[in-house]
Amino acid sequence: MRLSRFFLPILRDNPKEAEIVSHRLMLRAGMIRQESAGIYAWLPMGLRVLDKINRIIREEQNRSGAVELLMPTIQSADLWRESGRYDAYGKEMLRIADRHEREMLFGPTNEEMITEIFRASVKSYKDLPLNLYHIQWKFRDEVRPRFGVMRGREFLMKDAYSFDLDQAGARHAYNRMFVAYLRTFNRLGLTAIPMRADTGPIGGDLSHEFIILADTGESEVFADRQVLDQPIPAVDTDFENVAELDAIVKAWTTPYAATSEMHDAALYETIPNERRVSARGIEVGHIFYFGTKYSEPMKATVTGPDGRETPVHMGSYGIGSSRLVAALIEAFHDENGIVWPQSVAPFDVSLLNLKIGDAGTDETCATLYKALTARGLDVLYDDRDERPGAKFATADLIGSPWQVMVGPKSLAEGKVELKRRKTGERQLLSVEDAVLALTA
RNA sequence: CGGGGCUUAGCGCAGUCUGGUAGCGCAUCUGCUUUGGGAGCAGAGGGUCGCAAGUUCAAAUCUUGCAGCCCCGACCA
């Protein structure tokens, strides 16, 4: 992509409303634009990151056996009356009347709808287990949206719903998602800690929040450092293997880890001092098992092997993709801007032509651009007629993992300069070696 | 939902107290010079001063009402 042809409205100054670093940087790097309180337009740079995150989420959901579909954002109030949540949900639900005065709503979550879809088609235990997910915009009319897309009213969420014949099956479904989440966050470059979460009236121990540590996080968290040493489940993990998954989940949930709501100070005190971690965190995922809470009132039943109709056991599993964009920036930035992990970077390489109009730099950049894109890299070529300083500042701000700087100075020696955004480390290389270094 | 604050050009702000017809920096456009960490000079364009009503010869400025937005707290992917 040529920067001169891209849409990248960069702000030089910090907008005054942005208090936390991810919000400031997202606005400054031209990733989002606020349209209303808690409602944002995703500009090209932001959308690229969102798409990369979603791609990883999809791959891991699919790997774990979940199946993607897409449900609408607008739902009928009648569906929510069946579960009893239409009145219970309160003002956080955005309620809409259509032209026929039918009561509609902008979905804050999809348990009711997925249960309706399930019960319409699935009648036998033989079709279980089933896990359906989608990545769709949600709307929750928060009292106080804040921190940009970290707590927006409209947000993009991956939500999966599992259906099983019994509680044992549901636990395995839960474990599959648990493992998929560990892999997903790891691939995003994040260290996410699963923490015991409140299960509400259902009870039991089957609810975990996945929290990444960050000073600006909204939750206060306590953990045993040992949880950080757990290995991430491998790519060839067998999601059908009940015992294997159970062992992984057990290993991850044995060391102490809890948010302030679930914190057990006495238990925490028994951890050796040097292993205690007390920090702030951002919730990026939440999974829970809720049994027959929806399947019973909504009559989502299957016929079991014994010939009896029984309500299915369900769980739901959410990842806030739009929030993750902000969470990633909170985790990866420095004083000059964003420092994207390779896996979600909007562009792999920023190519800077330090002197547009110079035959040598123009030609070398054209060669590099062609070679790198041909090898599958996303390259943002800064071909604007700007001074070098402005290009350096832009490249640092938008945070591509690599920068290739082509100027008359290094070109006189037949070299270009390769800079690693994360460390600032630079090396002078020939064009060929630079291509090799970037595609190795 | 309680408390506080803000709204003037794309962004950041001054002007409001004390009414007289809108200004600064950055950004944008043109020209020349410049070119390895956000250049210099010269010129130019861009504003229903959040909206509405009122007071007045005259309102960004005073009065009233409304709206939007932000921050702090209680609640949430």
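Residues numbered from 1 in each chain as written. Chains lettered and ligands numbered in written order. Predicted model: local features only at pLDDT ≥ 70, side-chain atom pairs only at ≥ 80, totals over all residues. Heavy atoms only, no water.

> Which residues make up the sheet that holds strand β21 (residues 402–406), and what are the values?
Spatially, the five strands line up as an open sheet ordered β20-β19-β21-β22-β23, and their pairing is mixed. Single-partner strands in this sheet number two, and they are β20 (379–382) and β23 (426–429). Taking each pair of neighbouring strands and ignoring which way they run, the sheet shows an average axis angle of 20 degrees. With four bridges joining them, strand β22 (residues 416–420) and β23 adopt antiparallel strand pairing. (Pairing = 2+ DSSP bridges. Helix = DSSP H or I, 4+ residues; strand = E, 2+ residues; numbered from the N terminus. Axes fitted to C-alpha atoms, helices over the stretch in contact; angles between N-to-C directions.)

> Any details on the nonpolar core? Residues and values, ideally.
Membership of the largest hydrophobic core comes to 76 residues, with the highest contact counts inside it found for Met31, Phe185 and Trp340. The element that contributes the greatest number of residues to this core is helix α6 (residues 167–187), accounting for nine residues. If near-sequence neighbours (up to four positions away) are discounted, Trp340 is found in contact with Met31, Val49, Val325, Leu328, Ile329, Ala345, Pro346, Ile398, Gly399 and Pro401. Listed in part, the 23 residues of the second largest apolar core include Ala77, Trp80, Leu105 and Tyr161. (Core = buried A, V, L, I, M, F, W, Y, C linked by side-chain atoms within 4.5 Å. Buried < 20%, exposed > 50% of the residue type's maximum accessible area, 1.4 Å probe, protein only. Contact = heavy atoms within 4.5 Å.)

> How would you explain the pattern of salt bridges if you had to name every residue and give the values?
Tallying each qualifying case throughout the model produces 29 salt bridges. Lys250 serves as the salt-bridge partner of Asp246, at 3.9 Å between the closest nitrogen and oxygen. In this pair, Asp246 and Lys250 are both assigned in helix α7 (residues 242–253), four residues apart and thus about one turn of the helix distant. For Lys250, a relative accessible area of 53% translates into the label exposed. (Salt bridge = Lys/Arg side-chain N within 4 Å of Asp/Glu carboxyl O.)

> Could you give an account of the protein's contact with RNA strand B, with specific residues and numbers?
In the vicinity of RNA strand B lie 41 residues, with Arg12, Arg151, Glu283, Glu417 and Arg426 positioned nearest. In RNA strand B, atoms within 4 Å of the protein come from the sugar-phosphate backbone in 43% of cases. Separating a base oxygen of RNA strand B from a side-chain N or O atom of Arg387 is a distance of 2.8 Å. Note that a base oxygen of RNA strand B is positioned 2.8 Å from one of the side-chain N or O atoms of Ser410. Elements that contribute at least two residues to the surface near RNA strand B include exactly β1 (32–36), β8 (154–164), β13 (276–291), α11 (388–398), α12 (408–411) and β22. With seven residues, the top contributor of residues to the surface near RNA strand B is α11. (Near = heavy atom within 4 Å. Polar contact = N/O pair within 3.5 Å; in protein donor to acceptor, adjacent residues only side chain to side chain.)

> Explain helix α2 (residues 44–63) to me, and be specific about the residues and the numbers.
Its 20 residues give α2 an end-to-end C-alpha distance of 28 Å, which sits within 8% of 28 Å, the value for a rise of 1.5 Å per residue. Among all positions of α2, only Met45, Gly46, Val49, Leu50, Lys52, Ile53, Asn54, Ile56, Ile57, Glu60 and Gln61 are buried. Count one or two residues on from α2 and you reach Gly65, which has phi positive near 105 degrees. (Expected span 1.5 Å × (residues − 1).)

> Account for the packing of aromatic side chains, with residues named and values stated.
Enumeration over the complete set of coordinates arrives at 14 aromatic pairs. Between Phe222 and Tyr268 the ring centres are 5.3 Å apart and the planes differ by 70 degrees, which places this aromatic pair in the edge-to-face class. Note that Phe222 is positioned in strand β11 (residues 219–224) and Tyr268 in helix α8 (residues 265–269), a separation of 46 residues in sequence. Both residues of the pair, Phe222 and Tyr268, count as buried. Taking 5.7 Å as the distance between ring centres and 45 degrees as the angle between the ring planes, the aromatic pair formed by Tyr256 and Tyr268 counts as tilted. With Tyr256 in the loop between α7 and β12 (257–259) and Tyr268 in helix α8, this residue pair connects regions lying twelve residues apart in the sequence. Tyr256 sits in the buried class, given a relative accessible area of 12%. (Phe/Tyr/Trp six-rings, centres within 6.5 Å; stacked < 30°, edge-to-face > 60°.)

> Please set out the pairing of β20 residue by residue, giving values where relevant.
With burial as the criterion, each face of β20 is covered, one bearing Val379 and Tyr381 and the other bearing Leu380 and Asp382. Crossover connection from strand β19 (residues 349–353) via helix α10 (residues 359–374) to parallel β20: handedness right-handed. (Right-handed = clockwise from strand over helix to strand, strands pointing away.)

> Please set out α6 residue by residue, giving values where relevant.
Here α6 contains 21 residues, and its C-alpha end-to-end distance of 30 Å stays within 8% of the 30 Å for a straight helix at 1.5 Å per residue. Where burial is concerned, most of α6 is hidden: 16 out of the 21 residues are buried. The first or second residue beyond α6 is Gly189, which carries a positive phi of 90 degrees.

> Describe the sheet that holds strand β5 (residues 94–97), naming the residues involved and giving the relevant values.
If you trace the three strands from one edge of the open sheet to the other, you get β4-β6-β5, paired in antiparallel fashion. For this open sheet the edge positions go to β4 (74–76) and β5, each flanked by a neighbour on one side alone. Across the sheet, the axes of successive neighbouring strands diverge by a mean angle of 40 degrees, strand direction being ignored. With three bridges joining them, β4 and strand β6 (residues 103–106) adopt antiparallel strand pairing. Across the sheet, the residue bridging to Ser76 is Met104, located in β6.

> Give a detailed account of the packing of α2 against helix α9 (residues 321–331), specifying residues and quantitative values.
The contact between α2 and α9 brings their axes to 9 Å, and the two run at 115 degrees. Classified by the angle between their axes, α2 and α9 sit roughly perpendicular to one another. Read as a crossing pair, α2 and α9 show a hand that is right-handed. Contacts between α2 and α9 pair Val49, Leu50, Ile53, Asn54 and Ile57 from the former with Ser321, Ser322, Leu324, Val325 and Leu328 from the latter. Tallied by class, the residues present in the contact of α2 with α9 amount to seven nonpolar, three polar and no charged. (Parallel < 35°, antiparallel > 145°, perpendicular 65-115°, else oblique. Left-handed = near helix turned anticlockwise from the far one by under 90°. Nonpolar A, V, L, I, M, F, W, Y, C, P; charged D, E, K, R; others polar.)

> Now, about the environment of Lys158: what can you tell me, with residues and values included?
As for its position among the elements, Lys158 is in strand β8. Overall, the relative accessible area of 0% leaves Lys158 in the buried class. In the structure, Lys158 is positioned 162 residues away from Gly320 in sequence and 6.4 Å away in space, judged by C-alpha atoms. For Lys158, the contacting residues outside a window of four places in its chain are Ile57, Gln61, Tyr133, His134, Ile135, Met177, Tyr181, Tyr317, Gly318, Ile319 and Ser321. Looking at Lys158, its side chain comes within polar contact range of the side chain of Gln61, at 3.2 Å.

> Just give me the short version of unusual backbone geometry, but keep the residues and values in it.
For the bond from Leu128 to Pro129, the omega torsion is 0 degrees, close enough to zero to count as cis. Note on placement: Pro129 falls in the loop between α5 (111–121) and β7 (130–139). Positive phi is not limited to glycine here, since Glu101 has a value of about 65 degrees. Turning to its location among the elements, Glu101 is positioned in the loop between β5 and β6. Overall, the relative accessible area of 64% leaves Glu101 in the exposed class.

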